[in-house]
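Coordinate analysis (summary)
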Amino acid sequence: PWLVAFTSNITTMTSPRTLASRSAIIALLACALSVASAAPGVVEPTTAGISSDVFDNIRSQSRRLSEIIRAGLPAPELRSAVGGRIARARPEPTIRGRSLAAKKICEWNPCGADEEDCKDCDLKASVVNDFKPETPEGRAGFDILKPVVTCMDITLEDECKMKPSCNWFTDEDPGYCDGDWNSILTAPVPASACTAAEKVDVTMNTIMTREVLACQKFQTESTCNAAKGLTCQWQDDGTCSVGAMKFFMDLVTGSAKGLHTVVALGRQADACATKTTQSTCAAVTECAWNSVTSLCDVADATVKSIAGVETLSGVLSKWNTCQSKSQTDCTGDCKWANGNCELTSKTVSETLVDGMSDGAFKTFIADGTYCTNSRASDGTTSDASLLSCWSNNKYENGTSLPGYCYVTDELKHVVAGKPECFYFPGMTWLAGIFTAPYPGYDKMCPNIMDRFIIKNTECQKASTKAECGTGNYKECKWGEYTDDEGDRCEFNGDYIWKLIVGDVDGDHLISIMSSCGTQSSEAACGGFEKDIDFFGLKYPEKSKVKTTLGFANIDSMDKSKAEELQKAVADAVGGDVKADEVVIKGVQFPVESKIELSTSKSDIDKDRAGFETKFKTGLAADLGVLPSDIVIKDIKESSRRRRGLLSSHVQVDFEVDGAPDAVRAKALASQVQSGGGLSNLKTDTGATPTIPAGTTPSYELRVEVEPMTSYPDGVATMLNTATITMDGQTAKVENEAKVEKNTAVVSAANGAFSVAVAFLAAIAGVAFLA
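This section reports on the structure supplied with the text. (Residues numbered from 1 in each chain as written. Predicted model: local features only at pLDDT ≥ 70, side-chain atom pairs only at ≥ 80, totals over all residues. Heavy atoms only, no water.)

Digging into unusual backbone geometry
The condition is simple: A run of DSSP states H or I qualifies as a helix once it reaches four residues; a run of E qualifies as a strand once it reaches two. Both are numbered from the N-terminal end. In this scheme, a residue with accessible area under 20% of its type's maximum is buried, one over 50% is exposed, and one in between is partly exposed, where area comes from a 1.4 Å probe on protein chains only.
In the Ramachandran plot, Ser294 falls in the positive-phi region, its phi being about 55° despite a non-glycine side chain. Locating Ser294 in the fold gives a position in the loop between strand 8 (287-290) and strand 9 (295-298). Assessed through its relative accessible area of 44%, Ser294 is described here as partly exposed. Despite not being glycine, Arg375 has its phi angle at roughly 50°, a positive value. Mapped onto the secondary structure, Arg375 falls in the loop between helix 16 (360-372) and helix 17 (383-391).

Listed below in structure tokens is the structure:
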């Protein structure tokens, strides 16, 4: 049953080739389950209190888990459904706002002898970049393509390679960045595109599938294994995919970062407690003598360095309170252990999961705290360390945890660079962890892969070739295969564009792609022209006006709020602006905060561009975002007035863009607030990051609105000053409204009419402002 749960969102999409057959996966499961069922304690104990067979069983189980996870990852063949008819692009200048009619749209790309179902003439990637959708649905859906079509604007090789939607090519000197069209399968769909009821959870499956597709773009072992910002690993079959077990463990342990901070503090407290005199305590920089308790405690500066914040709160504040107590006063939420007073694991557990909904991740953290916070590991994955973790598989009241406490080469937490005990709740937990809501993410609109699966499932209901491709299955095609499942009806990959930009503009994209495919010679291919400004062709007398609005105190966005905002914009500017023609896109919840670094402004000014690159790269790695998501707003000398420190510290005010929802924004804000976890920022900048006292990261809902009108200048002026309200909150205009003039080329027959329309529109614009 857990196999069905684990593979439920990938097995519906059968592929001609699979990473592992169903029977092989079941065999692996049977073996793994038999190992798991051999519960420790039923074997005959040795004089050490545990059989050596247990070590073999534990290590065997971890290897089996790795194989199971790897076998269950999505197969790569789905990728061919998207980008097969788009040529690789070269950076080329484009002129925004001009006519795109009669554009040469094709590029000759002869197929290799071993390539099947291949056309020699492909669509230029730059055409999709310049494509102008006709409908509001298409204009909004183009947001999904934006990360791909803007890859050509990236000039840094590392950033290009780190971005899942981009590829770096070296067939020219210098190399260039181009979009990976297959990445749109897992690209986030704007929160305004669906209702709250239609949203789905972000799960480990969601995140792992996204990573798999991002890794598959690397074509050599060296580039695969060296991929920055991704957990890629070269596979035995000669492809690049996710390093399954490592990525799984990164996600699972990453959900318990708060626990890691508590364990790091506990480790330091253990070390300080061994110093029993004031002189030996003073000799350790990280420790400080407590004259009230006559104990060697962790120094305040060390606590703040590990926690990364000037002002402790929550579980960190409680931990600090316990540490300052003597043995006789160490009661309640505190316990005496390892020579010092520390917070009970029960209190740590309850605090860390406070507010979390019941589920696999809450179980992992709540019960796992007792295992990991025992600090039973000796900092290695040796058998002795494993036995120590195993023996500490208990609640503080002495009863056994329902799962198992391990430390092996694969199953471990890594805190301050050393292995700590890892709690494995059992196979039932593993069955649910992949589909459980992942902490730090809100529900999202179904992405293109989700939609593809839904469509594909419907197509598979057609049982005959005659039925497939007609009636209710008109968007399906018959596939012939030699695998165990045989021939079947599948969703036509060409129609995936309709899932992105809607039926009308999807047909436009399919049309221009198929036009290139029919060109049989290099001359015909290179000379083929076609109109691609479908907005201009449909609305020659209208233009689009764009601005960005910010809303405080709004924590969610969905289709109903988008419709409310559409009406608010139309009502605020009036004229010929219609609510259902106002496009809502670019939905995000950017986070603003500040970090103090132990470096001087004068040193930064020597190479500010270099510093900003290092700051963005390091912070992005710590937060799990892209360097391009980090916006530095200001760099100034620190306002701290501590002697000798003022000139050697700077404060960086920054913004983290791209959070698709408030839950993710809050998670990013929490990560920023816990500056002790900013290890990559420290490494890249060579400076210690600290969160200034009193700093509270903030976020807001930010959206782009784009009405269409015959009076663009008047509407732009109105948008800059209008009062626009949504969900009881008044918008702040983030930037000046801009007009994208529509200058579509029309035929000579209607050229005079076009001039007349433009003249009338100009007059009407004056009247509009009046």
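Notes on the state of the cysteines
Applied cut-off: Only a pair of cysteine sulfur atoms within 2.5 Å qualifies as a disulfide here.
Overall, the coordinates contain 15 disulfides when judged by the stated rule. Two residues share a disulfide in this structure: Cys106 and Cys516, whose sulfurs sit 2.1 Å from each other. Because the torsion about its S-S bond is -85°, the bridge between Cys106 and Cys516 counts as left-handed. Of this pair, Cys106 sits in strand 2 (residues 106-108) while Cys516 sits in helix 20 (residues 496-517); the two residues are 410 residues apart in sequence, bridging distant segments of the chain. The class of Cys106 is buried, set by a relative accessible area of 3%. By relative accessible area, which is 0% here, Cys516 ends up buried. Between the sulfur of Cys322 and that of Cys334 lies a disulfide, 2.0 Å long from S to S. The sign of the -80° torsion about the S-S bond sets the Cys322-Cys334 disulfide as left-handed. One end of the pair, Cys322, is in helix 14 (residues 314-323); the other, Cys334, is in strand 10 (residues 334-337), with twelve residues separating them in the sequence.

Here's the deal with the nonpolar core
A general trend in soluble globular proteins is that nonpolar side chains are found buried together. The cut-off we apply is this: Only buried residues count toward a nonpolar core. Its members are Ala, Val, Leu, Ile, Met, Phe, Trp, Tyr and Cys residues joined through side-chain atoms within 4.5 Å. Note on contacts: a residue pair is in contact if any heavy atoms of the two residues lie within 4.5 Å.
Ranked by size, the top nonpolar core spans 133 residues in total, and within it Met204, Leu565, Phe615, Val703 and Ile724 carry the most contacts. Ile724 has contacts with Leu549, Phe551, Leu565, Ala568, Val569, Ala572, Leu719, Gln729, Thr730 and Ala731, leaving out every residue within four places of it along the chain. Grouped together as the second largest cluster of nonpolar side chains are 44 residues, Val127, Phe452, Trp497 and Leu499 included.

Some points on helix 11 (residues 257-273)
Our working rule: Each residue after the first adds 1.5 Å to the expected span of a helix.
Relative to the 24 Å expected for 17 residues at 1.5 Å per residue, helix 11 spans 25 Å between its end C-alpha atoms, a close match to the ideal helical length. For helix 11, a buried count of 13 out of 17 residues is recorded, marking the element as mostly surrounded by other parts of the structure.

Examining the pattern of salt bridges
Threshold: One side-chain nitrogen of Lys or Arg within 4 Å of one carboxyl oxygen of Asp or Glu is enough to make a salt bridge.
Per the counting criterion, the structure on display carries 33 salt bridges. When the shortest N-O distance is used, the salt bridge between Glu480 and Lys465 registers 3.6 Å. With a gap of 15 residues between them, Glu480 in the loop between strand 16 (476-479) and strand 17 (488-491) and Lys465 in the loop between helix 19 (448-459) and strand 16 connect regions that are remote in the sequence. In this structure, the salt-bridge partner of Glu655 is Lys633, at a minimum N-O distance of 3.6 Å. You can see Glu655 sitting in strand 23 (residues 650-656) and its partner Lys633 sitting in strand 22 (residues 630-637), a full 22 residues away along the chain. Look at Glu655 and you get buried, because its relative accessible area is 5%. Lys633 gets classed as partly exposed once you look at its relative accessible area, which sits at 47%.

Digging into helix 14
The condition is simple: The reported arc concerns the directions from the helix axis to the C-beta atoms and nothing else.
Within the span of helix 14, buried status applies to Val315, Leu316, Trp319, Cys322 and Gln323. Viewed along the axis of helix 14, the buried residues span an arc of 120°, placing them on a single side of the element. The inward-facing, buried residues of helix 14 abut helix 11, strand 9, helix 13 (300-307), strand 10, strand 11 (340-343) and helix 15 (345-352).

Overview of the packing of helix 11 against helix 13
For any two helices packed against each other, the geometry comes down to the angle between their axes and how far apart the axes lie. The following threshold applies: What counts as an axis is a line fitted to C-alpha atoms, over the stretch in contact for a helix, and the angles between N-to-C directions run from 0 to 180 degrees. Working rule for angles: under 35 degrees goes down as roughly parallel, over 145 as roughly antiparallel, 65 to 115 as roughly perpendicular, anything else as oblique. Here a crossing is taken to be left-handed if its near helix is turned anticlockwise relative to the far helix by less than a right angle, and right-handed if that turn runs clockwise. Residue type decides the class: Asp, Glu, Lys and Arg count as charged, Ala, Val, Leu, Ile, Met, Phe, Trp, Tyr, Cys and Pro as nonpolar, and the leftover types, Gly among them, as polar.
Orientation of helix 11 relative to helix 13, taken along the N-to-C sense of each, is 150°, at an axis distance of 10 Å. Of the possible angle classes, the one that applies to helix 11 and helix 13 is roughly antiparallel. By crossing handedness, the relation of helix 11 to helix 13 is classed as right-handed. In contact with Thr261, Ala264, Leu265 and Gln268 of helix 11, helix 13 contributes Thr302, Val303, Ile306 and Ala307. Residues of the contact of helix 11 with helix 13, tallied by class, amount to five nonpolar, three polar and no charged.

As for the environment of Gln651
The criterion, for reference: Two N or O atoms count as a polar contact when they lie within 3.5 Å, although within protein this holds only if one can serve as hydrogen donor and the other as acceptor, and sequence-adjacent residues are included solely when both atoms are side-chain atoms.
If you trace the backbone, Gln651 turns up in strand 23. Its relative accessible area of 6% is what places Gln651 among the buried residues. Once the C-alpha coordinates of Gln651 and Ile595 are considered, the two residues, 56 residues apart in sequence, prove to be 5.7 Å apart. Separated by 3.0 Å, the side chains of Gln651 and Asp653 make a polar contact.

A word on the side chain of Lys498
Within the secondary structure, Lys498 sits in helix 20. By relative accessible area, Lys498 is classed as buried at 15%. Sequence-distant contacts of Lys498, that is, excluding residues within four places in its chain, are made with Glu475, Asp503, Gly506, Asp507 and Ile510.

Let's talk about the environment of Gly526
Within the secondary structure, Gly526 is located in helix 21 (residues 522-527). Among the residues examined, Gly526 registers a relative accessible area of 35% and is labelled partly exposed. Expressed as a C-alpha distance, the spacing of Gly526 and Cys106, which sit 420 residues apart in the sequence, is 5.8 Å. Residues in contact with Gly526, not counting those within four places in the same chain, are Lys104 and Cys106.

Side note on the packing of aromatic side chains
Each pair of aromatic rings is reported with the distance of its centres and the angle of its planes. In plain terms, the rule: Stacked, tilted and edge-to-face are the three classes applied to pairs of Phe, Tyr and Trp rings, where Trp contributes its six-membered ring and a pair requires centres within 6.5 Å; stacked means planes under 30 degrees apart, edge-to-face means over 60, and tilted covers the rest. Each ring is checked for a lysine NZ or an arginine CZ that lies within 6 Å of its centre and within 35 degrees of its normal; such an atom marks a charge sitting over the ring.
Under the defined criterion, the tally for this structure stands at 19 aromatic pairs. Consider the rings of Tyr438 and Tyr441, whose centres lie 6.0 Å apart with planes at 55°: the pair is tilted. An angle of 90° between the planes, with centres 5.4 Å apart, marks the rings of Phe452 and Phe491 as edge-to-face. Pair noted here: Phe452 is in helix 19 and Phe491 is in strand 17, with a separation of 39 residues, a long-range link. Each of the two residues, Phe452 as well as Phe491, counts as buried. Grouped by ring-pair contacts, the aromatic residues Phe364, Trp390, Tyr404, Tyr406, Phe422, Phe424 and Trp429 constitute a single cluster. One residue, Lys498, lies across the ring of Tyr495, its end atom 4.6 Å from the ring centre.

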